[in-house]
Number of protein chains: 2
Amino acid sequence: MREAVSLATLDGLEGLSIGNLASALDMSKSGIYAHFGSKRDLQLATVNEAERIFQAEVLEPALAAAPGLAQLVAVCDAYFDHLMRRTFPGGCFFAGAALEMGTRPGPVKEQIAAFQGRLTALIRQFIITALEQHELPADEDPNALTFELNGIILAANTNFVLRADPATLDMARSVVRRRLGITTATTAC
Amino acid sequence: MREAVSLATLDGLEGLSIGNLASALDMSKSGIYAHFGSKRDLQLATVNEAERIFQAEVLEPALAAAPGLAQLVAVCDAYFDHLMRRTFPGGCFFAGAALEMGTRPGPVKEQIAAFQGRLTALIRQFIITALEQHELPADEDPNALTFELNGIILAANTNFVLRADPATLDMARSVVRRRLGITTATTAC
DNA sequence: ACAGAGTACGAACGATCGTGCTATCTTGTC
DNA sequence: GACAAGATAGCACGATCGTTCGTACTCTGT
């Protein structure tokens, strides 16, 4: 199952083939096929598994931080960590899947859009909590900031996939901090 | 040729098949194949054509603006325009191609990375010019701002592909302006 | 001991993939 | 009008695609 996710981040959800998955798992094509019933169901199960992995490797570590600004930074850092760690060998599963399936209406696209919506809502909630705790300027627009952070995340993923340069992730981290008004300085007086 | 680009934004550069292109053009498979010599060359020619279209539809309109901050805003707006206009039916060609080919080393990935590099350099140059003209805060980091604007562009594309909501592009426009310190207010005193 | 469910297998299907080979047709040049 | 050059078509190839079918083998409950 994790193997399906790995193959999908390398070849796309459409490029993920039952034959490839079978040989990667040392099984027969029909054995794999009987498990899922159709390619669509394979894709749905793969997205499900990717959600589980993303939840465990990115979201849950971030939720351990203190609510508010700390969680906001933590979720971004956890995202950059999972890129660096190459949790998915082809970069962020959902960034790739969103662009690939965006033009293919159906349940798979719906599931991806739903997950992206939940992630966006989570970040928005972190921002609102930070606002309530006066950790962000009072005139900050939650929707706009959510959009910007989403953009930083996507830029980090795209640049990292294309160039595999860890400096990209350092840049992303520092941009997030500057944007959120966090002084990354060395405890200067 | 434009047809190849259209198909590639819908099915990806790998999903773009000679058979599909042939039937879309009412030609025979071997007729198409003889034109290019191999699928790789078809892909390279498709990326070339996409560059030409992007240059004509996004970059050249932006270059008409006054150098500096105006060009910076213009290139972002032109990008959002080409999304709205659906110049490529499946969203930004290069955003999709970068994620798809990022894990496939070879000349096609190289060409896409090179174009993305030129685009980034162009935006960076606009920022530097704006700095020289004191249209941006003097302590603004060109690299960081380039990264952020790239992120806003990618967020606009991803959200628009996934939801097809024009409000996404309005949001992107307003985020760009706020980030660059442009007062979008109604000439209030 | 036996029926039934679950799991995996091998073989085959029609379709499509990228790629060759050969023939036809158009076009420009002498 | 003859002829080389280039473009397009037809056909076939081996491979792979998703899918189906029939068949084993391993459990589990009675």
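Just above sits the structure.
Residues numbered from 1 in each chain as written. Chains lettered and ligands numbered in written order. Predicted model: local features only at pLDDT ≥ 70, side-chain atom pairs only at ≥ 80, totals over all residues.

Colleague: Even after reading the chapter, I still don't get the overall build of chain A, so can you show me in this structure?
Modeller: Within chain A one finds nine helices and zero strands. Mapped in sequence order, the helices and strands of chain A form the string α-α-α-α-α-α-α-α-α. The principal-axis extent of the C-alpha atoms belonging to chain A is close to 65 × 30 × 30 Å. The buried share of chain A, taken over its 189 residues, is 42%. A separation threshold of at least 6 residues defines the contact pool for chain A, and within that pool the share at least 24 residues apart is 59%. (Helix = DSSP H or I, 4+ residues; strand = E, 2+ residues; numbered from the N terminus. Buried ≥ 20, exposed ≤ 12 C-beta atoms within 10 Å, placed from the backbone. Contact = placed C-beta atoms within 7 Å.)

Colleague: Please clarify how the interface of chain A and chain B should be interpreted in this entry.
Modeller: One frequently used descriptor of interface size is the decrease in accessible area upon assembly of the parts. Each partner contributes residues to the interface: chain A has 31 residues there, and chain B has 32 residues. For the side of chain A that touches chain B, the secondary-structure elements that each account for two or more residues are helix 1 (2-15), helix 6 (93-101), helix 7 (107-132), helix 8 (142-163) and helix 9 (166-179) of chain A. A total of 13 residues in the side of chain A that touches chain B trace back to one element, the largest contributor, which is helix 8 of chain A.

Colleague: Explain the protein's contact with DNA strand C here, please?
Modeller: Neighbouring residues of DNA strand C: 16 residues in total, closest S30 and G31 of chain A together with S17, G19 and K39 of chain B. Residue assignment for the surface near DNA strand C shows that the elements contributing at least two residues are helix 3 (29-36) of chain A together with helix 2 (18-24) and helix 3 (29-36) of chain B. The element contributing the most residues to the surface near DNA strand C is helix 3 of chain A, with five residues. Residue classes in the surface near DNA strand C are distributed as four nonpolar, nine polar and three charged. (Near = placed C-beta within 6 Å. Nonpolar A, V, L, I, M, F, W, Y, C, P; charged D, E, K, R; others polar.)

Colleague: Sorry, what's going on with the protein's contact with DNA strand D here?
Modeller: Inspection of the region around DNA strand D gives 16 residues, with S17 and G19 of chain A together with S30, G31 and A34 of chain B positioned closest. Of all elements in the fold, only helix 2 (18-24) and helix 3 of chain A together with helix 3 of chain B reach the threshold of two or more residues within the surface near DNA strand D. Split by residue class, the surface near DNA strand D holds four nonpolar, nine polar and three charged.

Colleague: Would you explain the relation of the copies chain A and chain B in this entry?
Modeller: Mapping one chain copy onto the other needs a rotation about an axis and a shift along that axis. Expressed as a screw transformation, the operator carrying chain A onto chain B has a rotation angle of 180° and an axial translation of 0.0 Å, and the superposed copies differ by an RMSD of 0.0 Å. Interpreted geometrically, this transformation is the action of a two-fold axis. When C-alpha distances to the rotation axis are compared across chain A, the minimum falls at G151 of chain A, with a value of 2.0 Å. The overlap is high: 100% of the interface residues of chain A also sit at the interface in chain B, so the same surface is used on both sides. (Least-squares fit on C-alpha atoms with pLDDT ≥ 70 in both.)

Colleague: Any chance you could explain helix 8 (residues 142-163) of chain B here in plain terms?
Modeller: For an α-helix, 3.6 residues make a turn, and residues three or four places apart therefore share a direction. Residue and element names in this part refer to chain B. Look at helix 8: 31 Å from first C-alpha to last across 22 residues, which is about the 32 Å you get at 1.5 Å a residue. Helix 8 sits mainly inside the fold: 18 of its 22 residues count as buried. Just beyond helix 8, the residue with positive phi is A164, at close to 55°. (Expected span 1.5 Å × (residues − 1).)

Colleague: Looking at this model, I keep getting lost on the packing of helix 6 (residues 93-101) of chain B against helix 7 (residues 107-132) of chain B. Mind explaining?
Modeller: Between two packed helices, both the angle of their axes relative to each other and the distance between the axes serve to describe the pair. Residue and element names in this part refer to chain B. The geometry of helix 6 relative to helix 7 is characterised by a closest axis approach of 10 Å and an angle of 135° between their N-to-C directions. Between helix 6 and helix 7, the angle falls in the class oblique. The way helix 6 lies across helix 7 gives a crossing that is left-handed. Residues F94, A97, A98 and M101 of helix 6 touch helix 7, and the partners they reach there are V108, K109, I112, F115 and Q116. By residue class, the composition of the contact of helix 6 with helix 7 is seven nonpolar, one polar and one charged. (Axes fitted to C-alpha atoms, helices over the stretch in contact; angles between N-to-C directions. Parallel < 35°, antiparallel > 145°, perpendicular 65-115°, else oblique. Left-handed = near helix turned anticlockwise from the far one by under 90°.)

Colleague: I would appreciate a short explanation of the environment of L145 of chain B in the present structure.
Modeller: Residue and element names in this part refer to chain B. Following the sequence through the fold, L145 ends up in helix 8. Between the C-alpha atom of L145 and that of I123, which follows or precedes it by 22 residues, the distance is 9.2 Å. In this structure L145 touches I127 and E140, once residues within four positions along its chain are discounted.

Colleague: Got a minute to help me understand unusual backbone geometry in this structure?
Modeller: Across residues other than glycine, the phi torsion is negative in most instances, and most of the peptide bonds are trans. Although it is not a glycine, D26 of chain A sits at a positive phi angle of roughly 55°. We classify D26 of chain A as exposed; it has 7 C-beta atoms within 10 Å. Even without glycine at this site, R86 of chain B takes up a positive phi of about 55°. With respect to the helices, strands and loops of the structure, R86 of chain B is situated in the loop between helix 5 (69-84) and helix 6. With 13 C-beta atoms packed within 10 Å, R86 of chain B lands in the partly exposed category.

Colleague: Would you take a moment to explain the packing of helix 4 (residues 39-63) of chain B against helix 5 of chain B for this structure?
Modeller: All names here are of chain B. Where helix 4 meets helix 5, the axes come as close as 8 Å, and the angle between the chain directions of the two elements is 155°. By the criterion of interaxial angle, the relationship of helix 4 to helix 5 is roughly antiparallel. Remark: the crossing between helix 4 and helix 5 carries right-handed chirality. Taken together, the residues of helix 5 that come into contact with helix 4 (itself represented by E57, V58, L59, P61, A62 and L63) are Q71, A74, V75, A78, Y79 and H82.

Colleague: How should I be thinking about helix 4 of chain B in this particular structure?
Modeller: All names here are of chain B. The terminal C-alpha atoms of helix 4, which comprises 25 residues, lie 34 Å apart, in line with the 36 Å expected from a rise of 1.5 Å per residue. The sharpest bend along helix 4 reaches about 40° and sits at Q55. Among all positions in helix 4, only L42, Q43, T46, V47, A50, E51, F54, V58 and A62 are buried. (Bend = angle between axes of the 7 residues up to and from the residue.)

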